[in-house]
Structure formats: structure tokens, C-alpha cells
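Inside the fold
Here is how the chains run, residue by residue.
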Amino acid sequence: MIDWKDILFLIVVLISNIIQSITGFAGTVLAMPFSIMLVGYNVAKPILNVLGIVISLGVIGTGYKSLNKKEFFKIIAIMSVGMVAGMVITKQFHINPALLYKVLGGIVLFFVGIGVFNALSQKRREKKGDTAEKKPGFWVNIILIIAGVVHGMFVCGGPLLVVYASQKMKGRDEFRVTVSAVWAALNTVILFSDIRDGYFNPKLLVLMGIAIGILFGALWIGNVIFKHINKKWFMIITYVLMGISGISLLIK
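Notes on the structure in this doc start here.

Procedures and definitions
- Residues numbered from 1 in each chain as written.
- Predicted model: local features only at pLDDT ≥ 70, side-chain atom pairs only at ≥ 80, totals over all residues.
- Heavy atoms only, no water.
- Core = buried A, V, L, I, M, F, W, Y, C linked by side-chain atoms within 4.5 Å.
- Buried < 20%, exposed > 50% of the residue type's maximum accessible area, 1.4 Å probe, protein only.
- Helix = DSSP H or I, 4+ residues; strand = E, 2+ residues; numbered from the N terminus.
- Contact = heavy atoms within 4.5 Å.
- Expected span 1.5 Å × (residues − 1).
- Bend = angle between axes of the 7 residues up to and from the residue.
- Polar contact = N/O pair within 3.5 Å; in protein donor to acceptor, adjacent residues only side chain to side chain.

1. Observations concerning the nonpolar core
- Core analysis: the biggest nonpolar cluster contains 68 residues, and Phe-9, Met-79, Phe-154, Leu-161 and Val-182 have the highest contact counts within it.
- Here the element with the most residues in this core is helix 3 (residues 41-63); it accounts for nine residues.
- Setting aside residues no more than four positions away along its own chain, Phe-154 makes contact with Thr-28, Met-32, Tyr-41, Leu-100, Val-103, Leu-104 and Ile-107.

Given below as C-alpha cells:
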């Protein structure tokens, strides 16, 4: 039942979830483009969604004391509005798969641009000695709604959530745990939707079972790396990989 494309998909699962366990984001947005090309949207989306729930619970379990409850409930409330819209779009409108790939590729590259812009802006402020805290504007709430739409469609609204979270949460552990808690909650909603829509079949369940086993290995590796990694270089690598995945979809 398992062919070479499934094996490549499982390798993608391992690498992307090592990244997810370290940062609390980027795992699904890295995995989704390659996974869609290897096993298709109807297989990739439900499996990656379940893996997102499992690994998020693992991150929360190792650092639950760092959860920012106020921001958690605010993010859930705002993103849920957009997520409902995203799920309606995918269910009510028949979207050409080729167009779907290009839309996702464009979204991924947009995420990369935002991440790089924010990193460069922060670097310039540090060089100028500007260490004052800037109060985030209303635009960050708009970003949360858009993140919800993207998450409802592709289960990968993480990078846009990171734009918001980076403005609101400064501690590394607080950021990682709170973002993971958001995915655990929102992905559970998507899970029930996928079950209702009949995505789960025998082959998908077998592939998902293997992927979950690999996931635990990725979580262990990611936690080991998390204790030693240089955040700056890790984020650079993450955005480079996101850029490659986005380009690969645009030229598919």
C-alpha cells in the first residue's frame, strides 16, 4: 500500500516537524507544498492537520507554564472567524488543483517576505539604538483574520500568526508554547470537519499511523536542538526552505 511517493512524504513529515517542534510554527507550511505534490491535497491536509495537533500537544506538555492565556484566547477568537471563511471557500467552490498550488505558493512567498522584512526592520532599529517598545497597531488583528482564512484552507496559517505573536510575545518559551496551543485548538476543529467530509480511508489511516510514529522522533530531536540552537540562523534556514517550497509550487 505504501509507494515511493509515500516514503518521500514521510521524510518531509520528519524534517518539517523537527522544525515545528523547535519554533512552534513553520512545520505545516513547509510540508504542505511538497506533500500536496507527493500525495495530493485530500491526503496531505488531514494527515498534516492531525500531526499538527499531536506535536503541538507535545510542545505544550513540556512547557505549559509559559502559556500566555490572555493572548491564547484572543487569537482563538479572532482566527476562528477567518478559519470558518477558509473552510467554506474550499467546500463550496470547486477550485482547480493547479490554481490551488499557485495560490498556496504565492501565500508561502508572501509569508517569507513578511518574515524577512520584519527581521531587517528589527536589525535596523537595533543598529540605531532604538530599543523602545512599539505598540502594535490594529493591523495585527487583521493579520490574525487572514491567518485564519489561510489556516482553514491549507492548515498552514502559522507564519502570519508569527507576525502577530512576534509583536505581542517577546519570550522564546512563551511564544513557542502559546502558538502551539493555538494550533492544538484550531486544528481540532479542522479534524472534526475532515472526519465529517469523509477524508479518512484505510490507506490514509495507515499512512497517518506511520507518520505519527515518525512524529515522536521529530519531537524528541526538535527538543534537543531547541536547547542549543542559535535562533537567528535557524530562522534564516526556515525562511530559505519556505521560499524553496513556495517557488516549487509556482513552477509546478
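2. Focus: the environment of Val-163
- Counting through the fold element by element, Val-163 comes out in helix 7 (residues 158-168).
- In the structure, Val-163 is positioned 19 residues away from Leu-144 in sequence and 8.9 Å away in space, judged by C-alpha atoms.
- Apart from residues no more than four positions distant in its own chain, Val-163 is found in contact with Ile-114, Asn-118, Trp-139 and Ile-143.

3. Description of the environment of Ile-55
- Take Ile-55: it is sitting in helix 3.
- When the C-alpha positions of Ile-55 and Gly-27 are compared, they lie 9.9 Å apart, and in sequence the two are 28 residues distant.
- If we skip the residues at most four places from it in the chain, Ile-55 touches Asn-17, Gln-20, Ser-21, Leu-215 and Leu-219.

4. Quick look at helix 4 (residues 69-92)
- Between the first and last C-alpha of helix 4 there are 34 Å, a value that for 24 residues agrees with the 34 Å anticipated at 1.5 Å per step.
- Helix geometry: helix 4 is bent most strongly at Ser-80, by close to 30°.
- Turning to helix 4, its buried residues are Glu-71, Phe-72, Ile-75, Ile-76, Ile-78, Met-79, Gly-82, Met-83, Gly-86 and Met-87.
- The N-cap residue of helix 4 is Asn-68: its side-chain oxygen and the backbone nitrogen of Lys-70 are 3.3 Å apart.

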